[in-house]
Amino acid sequence: MTVRYDVMLAGAGLANGLIAWRLHQQRPDLKVLLLEQGDRLGGNHTWSFHEADLTPAQHAWLAPLVSHRWDGYQVIFPERRRRLPGGYMSIAAHDFARVLSRTLAGQVRTGARITQLTPTSVTLEDGEVLEAGAVIDGRGAQSSPHLALGYQGFVGQEVRLSRPHGLTEPILMDASVEQGQGYRFVYVLPFSADTLLIEDTHYVDGPVIDAARLRGNISAYAQARGWSTVEVLREEQGVLPITLAGDLSAFWHDHAGQPVSGLRAGLFHPTTGYSLPHAVRLAERIASAPDLSAAALARIVALEAEREWRRQGFFRLLNRMLFLAGKPGDRWKVMQRFYGLQAGLISRFYAGRLTPLDKLRIVSGKPPVPLGQAIRAAGLTQPRKIRISA
Ligand SMILES: Cc1cc2nc3c(=O)[nH]c(=O)nc-3n(C[C@H](O)[C@H](O)[C@H](O)COP(=O)(O)OP(=O)(O)OC[C@H]3O[C@@H](n4cnc5c(N)ncnc54)[C@H](O)[C@@H]3O)c2cc1C
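Note that this is a predicted model, so its numbers are computed, not measured. (Residues numbered from 1 in each chain as written. Predicted model: local features only at pLDDT ≥ 70, side-chain atom pairs only at ≥ 80, totals over all residues. Heavy atoms only, no water.)

Regarding the overall build of the chain
Piece 1. Tallying secondary structure elements over the chain gives 12 helices and 14 strands in all.
Piece 2. In summary, the chain has a C-alpha radius of gyration of 21 Å against a globular reference of 21 Å for 390 residues, a match within 12%.
Piece 3. Looking at the 390 residues of the chain, the share that counts as buried comes to 55%.
Piece 4. Sequence separation of 24 or more characterises 75% of the internal contacts of the chain that already satisfy a separation of 6 or more.
Piece 5. Summing over all exposed atoms, the chain offers an accessible surface of approximately 16900 Å²; the carbon and sulfur share of this is 52%.
Piece 6. Put simply, the chain has 44 plus and 35 minus side-chain charges, and the middle of one group is 7 Å from the middle of the other. (Helix = DSSP H or I, 4+ residues; strand = E, 2+ residues; numbered from the N terminus. Rg over C-alpha atoms; globule rule 2.2 N^0.38 Å. Buried < 20%, exposed > 50% of the residue type's maximum accessible area, 1.4 Å probe, protein only. Contact = heavy atoms within 4.5 Å. Areas by Shrake-Rupley, 256 points an atom, 1.4 Å probe, with all protein chains shown as cover. Lys, Arg positive; Asp, Glu negative; His and termini not counted. Charge placed at Lys NZ, Arg CZ, Asp CG, Glu CD.)

Thoughts on the nonpolar core
Piece 1. Counting residues in each nonpolar core, the largest one holds 55 residues, and the members touching the most others are Leu18, Leu62, Leu65 and Leu276.
Piece 2. Once residues within four sequence positions are removed from consideration, Leu62 is found in contact with Leu18, Phe49, Leu54, Ile91, Leu276 and Val280.
Piece 3. With 38 residues, the next largest nonpolar core counts Tyr183, Phe185, Leu189 and Trp332 among its residues. (Core = buried A, V, L, I, M, F, W, Y, C linked by side-chain atoms within 4.5 Å.)

Digging into empty space enclosed by the protein
Piece 1. Evaluated as defined, the whole model comprises two cavities of 30 Å³ or more.
Piece 2. As a volume, the largest cavity reaches approximately 330 Å³.
Piece 3. Lining the largest cavity are 29 residues, with His50, Tyr88, Thr272, Tyr274 and Tyr350 sitting closest to its centre.
Piece 4. Elements supplying a minimum of two residues to the lining of the largest cavity: β3 (46-50), β10 (147-161), β11 (171-174), β12 (184-192), β13 (195-204) and α6 (276-287).
Piece 5. Size it by volume and the second largest cavity reaches roughly 120 Å³.
Piece 6. Top element by residues in the lining of the second largest cavity is helix α7 (residues 294-311). It accounts for three residues.
Piece 7. Class assignment for the residues of the lining of the second largest cavity results in eight nonpolar, three polar and one charged. (1 Å grid on protein atoms, 1.4 Å probe; cavity = no way out; pocket = protein on both sides within 12 Å on 5 of 7 lines; lining within 4 Å. Points joined across faces, edges and corners; volume = space filled by probe spheres on them. Nonpolar A, V, L, I, M, F, W, Y, C, P; charged D, E, K, R; others polar.)

Quick notes on the packing of aromatic side chains
Piece 1. Overall, the coordinates contain 15 aromatic pairs when judged by the stated rule.
Piece 2. A centroid spacing of 6.1 Å and a plane angle of 65° characterise the contact between Tyr221 and Trp227, whose relative ring orientation is edge-to-face. No difference in accessibility class separates Tyr221 from Trp227, as the two residues are buried.
Piece 3. Taken together, Phe77, Phe315, Phe338, Tyr339, Phe349 and Tyr350 form an aromatic cluster joined through their ring pairs.
Piece 4. Against the face of Trp309 rests Arg316, its NZ or CZ located 3.6 Å from the ring centre. (Phe/Tyr/Trp six-rings, centres within 6.5 Å; stacked < 30°, edge-to-face > 60°. Lys NZ or Arg CZ within 6 Å of the ring centre and 35° of its normal.)

Here we look at the packing of α6 against α7
Piece 1. The N-to-C vectors of α6 and α7 enclose an angle of 145°; their axes lie 11 Å apart at closest approach. The two elements α6 and α7 meet at a crossing, and its hand is right-handed. On α7, the residues touching His278, Arg281, Leu282, Arg285 and Ile286 of α6 are Leu297, Ile300, Val301, Glu304, Arg307 and Glu308.
Piece 2. A per-class count over the contact of α6 with α7 returns five nonpolar, one polar and five charged. (Axes fitted to C-alpha atoms, helices over the stretch in contact; angles between N-to-C directions. Left-handed = near helix turned anticlockwise from the far one by under 90°.)

Remarks on the site of the ligand
Piece 1. Near the ligand lie 28 residues; those nearest to it are Ala15, Glu36, Ser48, Leu263 and Ser275.
Piece 2. Ser48 has a polar backbone atom sitting 2.6 Å from an oxygen atom of the ligand.
Piece 3. Sorting the residues of the shell around the ligand by element identifies α1 (14-26), β3 and β14 (229-246) as the ones contributing at least two each.
Piece 4. Among the elements that make up the shell around the ligand, the one with the highest residue count is β14 (four residues).
Piece 5. For the shell around the ligand, the residue count by class is 11 nonpolar, 13 polar and four charged. (Near = heavy atom within 4 Å. Polar contact = N/O pair within 3.5 Å; in protein donor to acceptor, adjacent residues only side chain to side chain.)

Observations concerning the packing of α1 against helix α3 (residues 93-103)
Piece 1. It is the contact of α1 with α3, at a shortest axis distance of 11 Å, that shows an interaxial angle of 40°. It follows from the interaxial angle that α1 and α3 lie oblique. Crossing of α1 against α3: the hand is left-handed. Of α3, the residues touching α1 (which contributes Leu14, Gly17, Leu18, Trp21 and His24) are Phe96, Val99, Leu100 and Thr103.
Piece 2. Among the residues forming the contact of α1 with α3, the class breakdown is six nonpolar, three polar and no charged. (Parallel < 35°, antiparallel > 145°, perpendicular 65-115°, else oblique.)

Description of the domain arrangement of the chain
Piece 1. Along its sequence, the chain is carved into domain 1 (4-69 + 86-145 + 247-311), domain 2 (150-241) and domain 3 (314-385).
Piece 2. Contacts between domain 2 and domain 3 engage 12 residues on the former and nine residues on the latter.
Piece 3. Between domain 2 and domain 3 the total buried area reaches about 790 Å² when both faces are included, carbon and sulfur atoms providing 76% of it.
Piece 4. Interface area lost by domain 2 to domain 3 is led by Met173, Tyr183 and Tyr203, which between them contribute 48%. (Domains from an automatic or database assignment. Buried area = accessible area lost by both parts, 1.4 Å probe.)

What follows is the structure in structure tokens.
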């Protein structure tokens, strides 16, 4: 007999994994199925977020998935070095996979590649068709002609060193490094006394990275810091979307009643490409929805995405400054100036919750890029008018 699921989650990455986890906590009576093409949930990532991005209640339900926590972090620029207070946390994908697979036993199918999907059914590679009251498509980012994007491309290596590194808190941005074709910085997370995640990151115009070059940058950075690497334990890489402008209604029109989640729903921070806080909020909305039909869930997601889009206009404007104004090699100046602002403002920036006064503070004073170019970049709100050299 065919099983009909209440909710089927297509792709078991961050967003759908959190929806399944929250549904399990709030609605254990439901028949839920997570489908993943890979051999484990969550892929190969380290997902980090700031404590202030989430409410205490959200922290409480997410806590079993959190792998690391620090009390503050540093940023380093050619003319500024600063420690900022505030918790910073990471979820390692292997912990996410371990906890979710154990808790959701019987609700997960790995090695299940989806070839077709509708709001209420999924077809797998081997032809099997599965049905549900609603299918939520969380198969990661999808390109859209209705969004003008820049990219944050990076390679990260988790390394074991010959001696303790002495770092007790993350370096979120070390932009004192040589700049490339766009804004470049190194991101470092100290996982234990002798292990680090070191990521070489570039804000670039196209969705491609030269992984070999970035690996070389990581080893040069480690060497310059006096860290001798004994072993590369793991590597992750990504090219995250940075939104410059877009036409939200056309973007949603393309989804045509299909519930979506995560990057596919455009639910990410426009300047960092990070999506964890958005994924947490969406998981809560879905788990508390009285109606879990596909039509109702598609409406919930579209409303959430629309609300976020309206809140994020200012971030898209900042992104245009970062990608379209000034010389690529000078764009670090935008970030260096930003990190001179008040700690509370910086924390609200990451949480995507700037106040009108915060916005005024960010744009007031002498701009770190030429004024004419800044004004031109600010006015480019139509995705089709934006030409970056991708
Ligand atoms: C290496 C890396 C590090 C990142 N670090 C952070 C961070 O620190 N903090 C943060 O907030 N964000 C981070 N991000 C950005 C973003 O939050 C992540 O990309 C996040 O995983 C996006 O969530 P998602 O659920 O939309 O997609 P994903 O987590 O990518 O999940 C999509 C899933 O769908 C599966 N899938 C795709 N196609 C099919 C198919 N046809 N059939 C079956 N399954 C399929 C994939 O295998 C994958 O598991 C990072 C991204 C990357 C790539």
